[in-house]
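So you can see what is in the structure, the chains are spelled out below.
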Amino acid sequence: MGISGKTRVCAIIGDPVEHSLSPVMHNAAFKELGLNLVYVAFTVTTKELKDAILGARRLGLRGLNVTMPHKNAVMNYLDEVDATAKAIGAVNTILSNQGKLIGYNTDGNGAMIALQENGVYPEEKKLVLLGAGGAAKAIAYHAAQDVAELVILNRTPEKAKKLADVLRKSFGNKVKGGTLSSTVLKDELETADILVNATSVGMHPDVNSSPVPSSLLRIDLCVMDIIYNPLETRLIADAKSVGSKVVSGLEMLIYQGAVAFEIWTNCPAPVEVMRNAALNELEKQGVRH
Ligand code: ATR
């Protein structure tokens, strides 16, 4: 659909945003469904954030995605923050509903949908989550609702333990935190069903590193990595080589976008179209398979 006087705008704000895959993904989806919406990227620095949100209000933007470094700070400028985003302490999606700005977090939900859509069902399973940063926190909150046991392991164990302590208040003793070391990994992975890497280990340019020794992987341990650059991380390649079911970081990216799309449009997201658009853009940007 061509741009007209009735076209509404969605955007991503952050710093940097030039390489974001969200514009191509959402514009392809808007086009597929014939929606009169367009999606652009705005570089917004920390000191410009407050004005940028005011600008979004005044200009009547339909929706925003929020990326680094604003996911926490943006909560101060919204009219409402939904309960999940509040618990996670971060907003990555904003809906403007009749002038009211409402914040959501679609990262954790996106990760859990990515697992399920790829045939990995977390209900009644033991999930080991590596990392305790922003992405891990969003995933942990959602995973804790579904799984039988959640073990959060981090290089800085205090952060994993703190996150586990908070989650235990809502989800009980099924959540625990510990150190990301080969000894602990060996113990925990022996009885685990799903492993999710939410650390930055293996991300470009550190492409030969993996957070898990390959000897600890086995065919009945499903592995998801949230890194999508490279598309196939060392961890995913190692897991594939023992025959495990694997879910790449691109899947989480697509499904967090799909959930945001549905919040803005009330239409089911055309996931396949979004995946192809993201893959094309990654190829253009020279991201390795
Ligand atoms: P994001 O928002 O993507 O989650 P982040 O909040 O900076 O990013 O978190 C990065 C995660 O990767 C953290 O869990 C970090 O561990 P620390 O809390 O100990 O810093 C983890 N990480 C980064 N580099 C790592 C490395 N070389 N080995 C192990 N974990 C690492």
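Quantities reported herein were computed from a predicted structural model and do not represent experimental measurements. (Residues numbered from 1 in each chain as written. Predicted model: local features only at pLDDT ≥ 70, side-chain atom pairs only at ≥ 80, totals over all residues. Heavy atoms only, no water.)

Asker: Quick question: what am I supposed to make of the pairing of strand β7 (residues 126-130) here?
Answerer: Within a regular strand, the side chains alternate between the two sheet faces. Burial of β7 is extensive: 5 of the 5 residues sit out of reach of the surface. The two faces of β7 match: Lys126, Val128 and Leu130 on one face and Leu127 and Leu129 on the other face are all buried. With respect to chirality, the unit in which β7 leads through helix α5 (residues 134-146) into the neighbouring parallel strand β8 (residues 149-154) is right-handed. Sheet topology places β7 next to strand β10 (residues 194-197); 4 bridges connect them, and they run parallel. Opposite valine 128, over in β10, you have leucine 195 as the bridge partner. (Buried < 20%, exposed > 50% of the residue type's maximum accessible area, 1.4 Å probe, protein only. Helix = DSSP H or I, 4+ residues; strand = E, 2+ residues; numbered from the N terminus. Right-handed = clockwise from strand over helix to strand, strands pointing away. Pairing = 2+ DSSP bridges.)

Asker: Would you explain the sheet that holds strand β11 (residues 222-225) in this entry?
Answerer: Backbone-to-backbone hydrogen bonds pair the strands of a sheet. The strands run either parallel or antiparallel. Read from one edge to the other, the open sheet built from 6 strands follows the order β9-β8-β7-β10-β11-β12, with strand pairing classed as parallel. Either end of the sheet is taken by a strand with one partner, and the two such strands are β9 (175-179) and β12 (246-247).

Asker: Looking at this model, I keep getting lost on the environment of glutamate 158. Mind explaining?
Answerer: With respect to the helices and strands, the residue glutamate 158 is situated in helix α6 (residues 157-171). With a relative accessible area of 55%, glutamate 158 lands in the exposed category. C-alpha separation for the pair glutamate 158 and glycine 177, spaced 19 residues apart in sequence, amounts to 8.3 Å.

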